[in-house]
Amino acid sequence: MPFNIKGRNFLTLHDFSPKEIEYLLELSADLKKLKYAGVKPGRLAGKNIALIFEKPSTRTRCAFVVAAVDEGAHPEYLGKGDIQLGKKESVKDTARVLGRMFDGIQFRGFKHETVETLGQYAGVPVWNGLTDKYHPTQILADFLTIQEHKGHLKDIKFAYVGDGRNNMANSLLIGAAKLGMDFRIVSPKELFPEKSLVDSVQAYADVSNAKVSVTDSVDAGVKGVDVIYTDVWVSMGEEEMFEQRINQLKAYQVNMEMLKKADKDVLFLHCLPAFHNLETTVGEEVYAKYGLDAMEVTEEVFESKHSVVFDEAENRVHTIKAVMVATLGDQ
Ligand code: CP
Ligand code: NVA
């Protein structure tokens, strides 16, 4: 059965075929409908799920918890400092211990190698809830949101604007190439994605007829696009980079002037959290030091009719549920 992904890890979209990704999106949409109808089939009943977090999280943590409970599983949050992971016990040993107790393990943290080691040794499905390199569950939510608003994914013109070499840019590049989009990374040259990644996704694009390009020109990159996506300029773990990134990326801020270059019905997406006003302590600090009242996206765009960021955030639950159900549950 081509879409039987039971028992598989979910570490990066590199490991999934276009059909498997489409299947996960269809399952997400079905599970969303069931939830709206108040139906909870308990596909994860009796399962125990470990949620390991080295970095903070609002959406990913809450989506895993709600999705697990919706389907009858017990989620256990293991935060930074709660377990010995890599400090007094190797990742490999921790994987083998947790694998004897839990039916599935989510990991969010720094090194991608950590989630790979967990996946190699746990003996149960391991899901990547974000590493420095990839954020694959986020891509499913992004694509489900675009599908809901535009009706299709193939040939969607999609510009990712900002830090072109972070976990979001990497993962979107892979997903968009696999699903046949016209995908552009728009960023300064110093923040272009690794050439090896761009080369590897070209092989996917050849099969799906996707177009993948990388440009430092905002005008060329966002012209006529259906979707503009951005992410924070400084990812978790890079907090000393603010000054450099502000200088590199201020010309890449998503604002109304940029949206005017896109299709008139362009969607704005952002994985969140976003710096779009002064209502955060970091936002206030940046304003005091650099005089910016927003970073990667202006308040005007964030609050505009183009913005579907809260649909996207909600879709984290339905898509994460699909990943857990498909790899672990009784479908
Ligand atoms: N988008 C996302 O992963 O959000 P959190 O960091 O809040 O989980
Ligand atoms: N690139 C961001 C994504 C947050 C969801 C980070 O890693 O901090």
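Now for a description of the structure that goes with this document. Being a predicted model, the structure only gives us computed values, none of them experimental. (Residues numbered from 1 in each chain as written. Chains lettered and ligands numbered in written order. Predicted model: local features only at pLDDT ≥ 70, side-chain atom pairs only at ≥ 80, totals over all residues. Heavy atoms only, no water.)

**Comments concerning the site of ligand 1**
Neighbouring ligand 1 are Ser57, Thr58, Arg59, Thr60, Arg108, His135, Gln138, Cys271, Leu272 and Arg316. Between ligand 1 and arginine 59, the relevant distance is 2.8 Å, taken from an oxygen atom to a side-chain nitrogen or oxygen of the residue. Histidine 135 is positioned with one of its side-chain polar atoms (N or O) 2.8 Å from an oxygen atom of ligand 1. Here ligand 1 has 250 Å² of accessible area as a free molecule, and 95% of this is covered by the chains. Tallied by class, residues from the shell around ligand 1 come to 2 nonpolar, 5 polar and 3 charged. (Near = heavy atom within 4 Å. Polar contact = N/O pair within 3.5 Å; in protein donor to acceptor, adjacent residues only side chain to side chain. Areas by Shrake-Rupley, 256 points an atom, 1.4 Å probe, with all protein chains shown as cover. Nonpolar A, V, L, I, M, F, W, Y, C, P; charged D, E, K, R; others polar.)

**Focus on the packing of aromatic side chains**
For the coordinates displayed, the defined rule picks out 7 aromatic pairs. Both rings, one in phenylalanine 10 and one in phenylalanine 16, keep their centres 5.1 Å apart while their planes meet at 50°; by these two values the pair is tilted. You'll find phenylalanine 10 and phenylalanine 16 in the same group, each marked buried. Centre to centre, the rings of phenylalanine 158 and phenylalanine 183 are 5.1 Å apart; their planes meet at 55°, and the pair counts as tilted. Residue phenylalanine 158 is located in strand β5 (residues 157–161), and its partner phenylalanine 183 is located in strand β6 (residues 182–186); the two are separated by 25 residues in the primary sequence. The residues phenylalanine 158 and phenylalanine 183 share a single accessibility class, namely buried. The rings of Phe158, Tyr160, Phe183 and Tyr229 are connected pair by pair, giving a single aromatic cluster. Cation over ring: lysine 55 sits above phenylalanine 110, and NZ or CZ is 4.8 Å from the ring centre. (Phe/Tyr/Trp six-rings, centres within 6.5 Å; stacked < 30°, edge-to-face > 60°. Buried < 20%, exposed > 50% of the residue type's maximum accessible area, 1.4 Å probe, protein only. Helix = DSSP H or I, 4+ residues; strand = E, 2+ residues; numbered from the N terminus. Lys NZ or Arg CZ within 6 Å of the ring centre and 35° of its normal.)

**Remarks on the side chain of threonine 230**
By secondary structure assignment, the location of threonine 230 is in strand β8 (residues 227–230). For threonine 230, a relative accessible area of 0% corresponds to the buried category. At a separation of 2.7 Å, a polar atom in the side chain of threonine 230 contacts the main-chain carbonyl oxygen of valine 161. Excluding residues within four positions of it along the chain, threonine 230 makes contact with Tyr160, Val161, Gly162, Val254, Phe268, Leu269, His270, Cys271, Glu296 and Val297. (Contact = heavy atoms within 4.5 Å.)

**Observations concerning the packing of helix α3 (residues 91–101) against helix α4 (residues 112–121)**
Where α3 meets α4, the closest approach of the two axes is 8 Å, and the angle between their N-to-C directions is 45°. By the angle between their directions, the pair α3 and α4 is classed as oblique. The way α3 lies across α4 gives a crossing that is right-handed. Residue-level inspection shows Val91, Lys92, Ala95 and Arg96 of α3 in contact with α4, the latter providing Thr114, Thr117, Leu118 and Tyr121. (Axes fitted to C-alpha atoms, helices over the stretch in contact; angles between N-to-C directions. Parallel < 35°, antiparallel > 145°, perpendicular 65-115°, else oblique. Left-handed = near helix turned anticlockwise from the far one by under 90°.)

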